[in-house]
Amino acid sequence: MTRSSLPDLADIAALVKREGAMLWSGFVLVPTGRGAGLEPLTPDEIEDVLHFLYDCGPVIATTTTEGHHFRRVALQRAILARHGEEPELGPLYGLPLAVAQSCGARALTGTTVRALERTASGGWRVQAATADGPLLLSADAVILAVPAFAAADLLGPHAPAAPTELSAIPYGSTAVVTMAFARDRAGLAGLPSGNGFLVPPVDGHTVKAATFLSNKWGWQAKAAPDLFLLRASIGRAGEEHLLDRPDRHLVRTALNDLHHAVGPVGEPVAARVTRWDRGLPQYTVGHTARLARIRDDIAGLPGLEVCGAAYEGVGIAACVATGLAAAERVLDRAGVPG
Ligand SMILES: Cc1cc2nc3c(=O)[nH]c(=O)nc-3n(C[C@H](O)[C@H](O)[C@H](O)COP(=O)(O)OP(=O)(O)OC[C@H]3O[C@@H](n4cnc5c(N)ncnc54)[C@H](O)[C@@H]3O)c2cc1C
C-alpha cells in the first residue's frame, strides 16, 4: 500500500471478496531500493488504513505485512466492542421506536420519499424508494419532518413560494470527534466538572464545543466504567472547509484544542469521527418573517404540514414541539378532535 494505491483500497477489498480469497494481507510498503520513488503513507494515513482493514474483518480475514500497529488497532477496537460501543445502548435511539409503538404506527426505515402528488379526492400519493424497489403510499395528510432543503424539493410542484423560502435556509455541517480515554492512564485531572464546555469563535480555536459524555450520560459511564468518553465538535457555520481534513487530522486538532483548554489529556485508546453534513439549520436575520411566508404558502395546501429543526428551534425538545403542533394543525383542519 502506497499513496497511489490508497484511493483504490475499497475497490481492492471488493475484488478480494469477489474472488473468494481466504486472507487479505495489506503490505505497508517501505519504499526503498527500486521502490524508493513510490510515495509512502503518512502515519495518519497508515492509521486510517489499519482501521479500514480492521473494518473489513467481518467479510474478509485481514492481516498486514510491515503494518506493525495493526495488532494495537485491533486491540483498541476490541476494547470498545467489549464496552458495548453499540449505539443501541443509548436511550435516544429507542425514542423513535417507542413513539411508533405507543401510537400503533408502522415506521418504514430506509425509505426515501421522492415525490408527492395530489390525488383527485384531495389526499396525497407519496412516491418512495426502498431497498426493495419503489413504494406508493396513499395518505389523507402528510407532515414533512425533513430538513428544509428536502422539504423544498418535495414541495416544488405544489407551493409557489415555500420551496424558495425553504431553500434559502442555510445549513451548517459539523464533525463530531468521539474519543475514549483509559481512566487510569489519561490526564483527566484538569477536566472541569460538569457536562463540557462551549468555545466562542473569538477564542481562535477550531473545536467549538466539548461534551464530557461519561459525565453527561449515566448509561455511558455505566457501559464503560474504566473509560472516559469525550466528544469534541468541529465546524461552526462558515467553517465547512475544516471538515475536508481527514479524520486523523480532526482527531489531532481536537486533542490539541483540548490540551489548550484543560491541560494534557493524553492519547485516546480509540477515536471516531462522525460527520453531520448539513446537520444544523442556521437562523439568519429575517428567519421569523421567512417562517411566516412559508406557513402562509403551506396553508394553501390542505393536509400538508412541515416540522423539524428548520423552523422554531434546533434542540430536540423544540423539534418535538413543532411535530406536535403540525399534527394538531392537520387534525384541526380535518375536523378530527386531537
Ligand atoms: C452534531 C449534532 C449534535 C447535536 N446535539 C444536540 C443535543 O445535544 N441536544 C439537542 O437537543 N439537539 C442537538 N442537536 C440538534 C438536533 O439533534 C437536531 O436539530 C434534530 O435532531 C433535528 O431533528 P429533525 O427531525 O428536524 O431532523 P433530522 O433529525 O435531520 O431528521 C430528518 C430526517 O429526514 C430524513 N429525510 C430527508 N429527506 C428525506 C426524504 N426525501 N424521505 C425520507 N426521509 C428523508 C433524514 O434522513 C433524517 O432522518 C445536534 C445536532 C447535531 C448535528
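A.B. asks: I tried to follow the site of the ligand on my own but got confused; where do I start?
C.D. replies: Within the structure, the ligand sits among 17 residues, and A150, G279, G308, A309 and G315 are positioned closest to it. Breaking the shell around the ligand down by element, the ones donating at least two residues are strand 3 (112-118), strand 7 (171-182), strand 11 (270-281) and helix 12 (316-334). The greatest single-element share of the shell around the ligand, amounting to 3 residues, is contributed by strand 11. Taken together, the residues of the shell around the ligand break down into 12 nonpolar, 5 polar and no charged. Residues from two domains meet in the shell around the ligand; each of domain 2 (91-169 + 283-334) and domain 3 (171-281) gives at least three.

A.B. asks: I keep staring at the environment of G122 and nothing clicks. Help me out?
C.D. replies: Mapped onto the fold, G122 is located in the loop between strand 3 and strand 4 (124-130). Its 9 C-beta neighbours within 10 Å are what place G122 among the exposed residues. When the C-alpha positions of G122 and V262 are compared, they lie 60 Å apart, and in sequence the two are 140 residues distant. In this structure, G122 is in contact with P302 and G303, ignoring residues within four places of it in sequence.

A.B. asks: How should I be thinking about the sheet that holds strand 9 (residues 207-211) in this particular structure?
C.D. replies: Sheet strands line up and pair through hydrogen bonds in the backbone, either parallel or antiparallel. Sheet architecture is open: 5 strands sit in the order 8-9-10-7-11, paired in antiparallel fashion. Two strands bound the open sheet, and with one partner strand each, they are strand 8 (196-198) and strand 11. Within this sheet the neighbouring strands show an average axis-to-axis angle of 20°, counted without direction. Where strand 7 meets strand 11, 9 bridges bridge the pair, whose relative direction is antiparallel. Its bridge partner being in strand 11, V177 is matched across the sheet by V273. Along the sheet, helix 9 (residues 247-262) makes contact with strand 7, strand 8, strand 9, strand 10 (227-234) and strand 11, crossing strand 10 at roughly 105°.

A.B. asks: It is not clear to me how the nonpolar core should be interpreted in this structure. Could you clarify?
C.D. replies: Soluble, globular proteins show a tendency: their nonpolar side chains are buried together. Core analysis: the biggest nonpolar cluster contains 27 residues, and V177, F181, L230, A232 and A254 have the highest contact counts within it. Residue assignment for this core shows that the elements contributing at least two residues are strand 7, strand 9, strand 10, helix 9 and strand 11. If one sorts the elements of this core by residue count, strand 10 sits on top with 6 residues. If near-sequence neighbours (up to four positions away) are discounted, F181 is found in contact with A186, L188, L227, F228, L230, V265, G266, P268 and V269.

A.B. asks: Just to check I follow, could you spell out the sheet that holds strand 4 for this structure?
C.D. replies: Pairing is antiparallel across the open sheet formed by 3 strands, whose spatial order is 3-4-5. The outermost strands of the open sheet, each flanked by one partner alone, are strand 3 and strand 5 (133-139). The mean inter-strand angle of the sheet, taken between neighbouring strand axes irrespective of direction, is 20°. As paired strands, strand 3 and strand 4 are joined by 6 bridges and run antiparallel to one another. Looking at the pairing, A115 lines up with Q127 of strand 4.

A.B. asks: So what exactly am I meant to see when it comes to the pairing of strand 10 here?
C.D. replies: On any regular strand, side chains alternate: one points to one face of the sheet, the next to the other face. Counting buried positions along strand 10 gives 7 out of 8 residues, so the element sits mostly inside the fold. Note that strand 9 and strand 10 share 4 bridges and pair antiparallel. Looking across to strand 10, one finds that T211 is bridged to R231.

A.B. asks: Would you take a moment to explain the domain arrangement of the protein for this structure?
C.D. replies: Where interface size is quoted, it is often the accessible area lost as the parts come together. According to the domain assignment, the protein consists of domain 1 (3-82), domain 2 (91-169 + 283-334) and domain 3 (171-281). Measuring from the centre of the C-alpha atoms in domain 1 to the corresponding centre in domain 3 gives 27 Å. Listed as interface residues are 7 residues of domain 1 and, on the opposing side, 7 residues of domain 3. Among the elements of the structure, helix 2 (43-56) and helix 3 (70-82) are those that each provide at least two residues to the side of domain 1 that touches domain 3. If you tally residues by element for the side of domain 1 that touches domain 3, the top one is helix 3, at 4 residues.

A.B. asks: I keep staring at unusual backbone geometry and nothing clicks. Help me out?
C.D. replies: Excluding glycine, residues mostly have negative phi values, and the peptide bonds linking residues are mostly trans. Of note in this structure, E66 is not a glycine but carries a positive phi near 60°. If you trace the backbone, E66 turns up in the loop between strand 2 (62-65) and helix 3. Within the chain, R278 stands out as a residue other than glycine whose phi angle is a positive 50°. Relative to the helices and strands, R278 is located in strand 11.

Rules of the game
Residues numbered from 1 in each chain as written. Predicted model: local features only at pLDDT ≥ 70, side-chain atom pairs only at ≥ 80, totals over all residues. Near = placed C-beta within 6 Å. Helix = DSSP H or I, 4+ residues; strand = E, 2+ residues; numbered from the N terminus. Nonpolar A, V, L, I, M, F, W, Y, C, P; charged D, E, K, R; others polar. Domains from an automatic or database assignment. Buried ≥ 20, exposed ≤ 12 C-beta atoms within 10 Å, placed from the backbone. Contact = placed C-beta atoms within 7 Å. Pairing = 2+ DSSP bridges. Axes fitted to C-alpha atoms, helices over the stretch in contact; angles between N-to-C directions. Core = buried A, V, L, I, M, F, W, Y, C linked by C-beta atoms within 7 Å.

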